[in-house]
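The chain contents come next:
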Amino acid sequence: MHKQLLVDYMPFEISAHKINESIQKNGGKLIVKGILQRAGAQNQNGRIYPREILQREASQYTDTQIKERRAERRALGELDQPGSSVVILQNASHNITEMHWDGDDLLGTVEVLGTPSGNILKELFKSGIKLGISSRGLGSVKEINEDDAVEVQDDFELIAFDFVSNPSTHGAFM
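Scoring rules and cut-offs
- Residues numbered from 1 in each chain as written.
- Predicted model: local features only at pLDDT ≥ 70, side-chain atom pairs only at ≥ 80, totals over all residues.
- Heavy atoms only, no water.
- Helix = DSSP H or I, 4+ residues; strand = E, 2+ residues; numbered from the N terminus.
- Rg over C-alpha atoms; globule rule 2.2 N^0.38 Å.
- Buried < 20%, exposed > 50% of the residue type's maximum accessible area, 1.4 Å probe, protein only.
- Contact = heavy atoms within 4.5 Å.
- Areas by Shrake-Rupley, 256 points an atom, 1.4 Å probe, with all protein chains shown as cover.
- Salt bridge = Lys/Arg side-chain N within 4 Å of Asp/Glu carboxyl O.
- Polar contact = N/O pair within 3.5 Å; in protein donor to acceptor, adjacent residues only side chain to side chain.
- Bend = angle between axes of the 7 residues up to and from the residue.
- Core = buried A, V, L, I, M, F, W, Y, C linked by side-chain atoms within 4.5 Å.
- Pairing = 2+ DSSP bridges.
- Axes fitted to C-alpha atoms, helices over the stretch in contact; angles between N-to-C directions.

A tally of regular secondary structure across the protein gives three helices and 10 strands. Taking 174 residues into account, the globule formula puts the C-alpha radius of gyration at 16 Å, and the protein, at 15 Å, falls close to it. For the protein, the C-alpha atoms occupy an extent of roughly 50 × 30 × 30 Å along the three principal directions. When burial is assessed residue by residue, the protein has 50% of its 174 residues classed as buried. Considering only residue pairs separated by 6 or more positions, the protein has 70% of its internal contacts joining residues 24 or more positions apart. Summing over all exposed atoms, the protein offers an accessible surface of approximately 8600 Å²; the carbon and sulfur share of this is 46%.

Spelled out as structure tokens, the structure:
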């Protein structure tokens, strides 16, 4: 099997009230919370992320991108998803500041940045546009049944979470 770019989406909903409350509470910064990814459930792309693989990658991402480099703010994501295995800094719109599990849902806290892409993201949220958050990683998949479902394999590497207009994971709108 060869590694390919794996992109999977979750709807990410936030109300106008929550946006205004966040901006007031956080000194003008927009901080949102929601589901980043879901383990063990088939998403709209037909992929299933086994809990142990997603848990391993979320833990590694937290250790290397969020905790160790917090001062460097390295858990960056983009507005719209590139077909690339690296985060393009000029497109950075947000920073993941925290992740944790609630059952099979990987939840996260996201700070929207004051970058051009971050400002677009903030205005889309303020306008009530329904967005999704998408995981981006490298890995291979294996067919597991006749319903075109595939399971993400152990070689999966999480790269980033990006905001997009069309999520594939049910319930991944912030």
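A few words on the pattern of salt bridges. Under the defined criterion, the tally for this structure stands at 10 salt bridges. The partner of Glu157 in a salt bridge is Lys3, with the nearest N and O atoms 2.1 Å apart. Here the residue Glu157 occupies a position in strand 10 (residues 157–164), and Lys3 occupies one in the segment before strand 1 (4–12), the gap between them amounting to 154 residues. Via salt bridges that share partners, Arg56, Glu57 and Asp154 belong to a single interconnected network.

Now for the side chain of His94. If you trace the backbone, His94 turns up in strand 5 (residues 92–102). Since its relative accessible area comes to 0%, His94 is described here as buried. Only 2.7 Å separates the side chain of His94 from the side chain of Ser93, close enough to count as a polar contact. The contact partners of His94, leaving out residues within four places of it in the chain, are Ala75, Leu76, Gly77, Glu78, Val110, Glu111, Val112, Leu113, Leu121, Phe161, Asp162 and Phe163.

Of all the bends in helix 2 (residues 51–67), the greatest, near 25°, is centred on Tyr61. Listed as buried for helix 2 are Ile53, Leu54, Glu57, Ala58, Tyr61, Thr62, Gln65 and Ile66. Its buried side turned inward, helix 2 meets strand 2 (30–38), strand 4 (76–78), strand 5, strand 6 (105–112), strand 9 (150–152) and strand 10.

With respect to the secondary-structure elements, Ile23 resides in helix 1 (residues 16–25). For Ile23, a relative accessible area of 19% translates into the label buried. Along the primary structure Ile23 and His94 are separated by 71 residues, whereas in three dimensions their C-alpha atoms are 15 Å apart. Dropping the residues within four chain positions of it, Ile23 is found in contact with Gly28, Lys29, Leu30 and Lys122.

Here we take up the nonpolar core. By size, the foremost hydrophobic cluster in this structure holds 34 residues, and its most contacted members are Ile96, Met99, Phe125, Phe161 and Phe163. With five residues, helix 2 is the single largest residue contributor to this core.

Strand order in the open sheet formed by three strands is 1-7-10, and the pairing between neighbours is antiparallel. Looking at the sheet topology across the chains shown, the edges are occupied by strand 1 and strand 10. Between one strand axis and the next, the sheet turns by 20° as a mean value, whatever way the strands run. Alignment of strand 7 (residues 131–139) against strand 10, held across seven bridges, turns out to be antiparallel.

Let us look at the sheet that holds strand 5. Overall, antiparallel pairing links the four strands, which are arranged 2-6-5-4 in an open sheet. In this open sheet, the two edge strands, each paired with only one partner strand, are strand 2 and strand 4. The average undirected angle you get between the axes of adjacent strands in this sheet is 40°. Where strand 5 and strand 6 come together, eight bridges link them in antiparallel fashion. Among the inter-strand pairings, Asp102 is bridged to a residue of strand 6, identified as Asp105. Where helix 2 meets the sheet, its contacts fall on strand 2, strand 4, strand 5 and strand 6, and the angle it forms with strand 5 comes to roughly 130°. With respect to the sheet, helix 3 (residues 116–126) is in contact with strand 2, strand 5 and strand 6, its orientation differing from that of strand 5 by roughly 60°.

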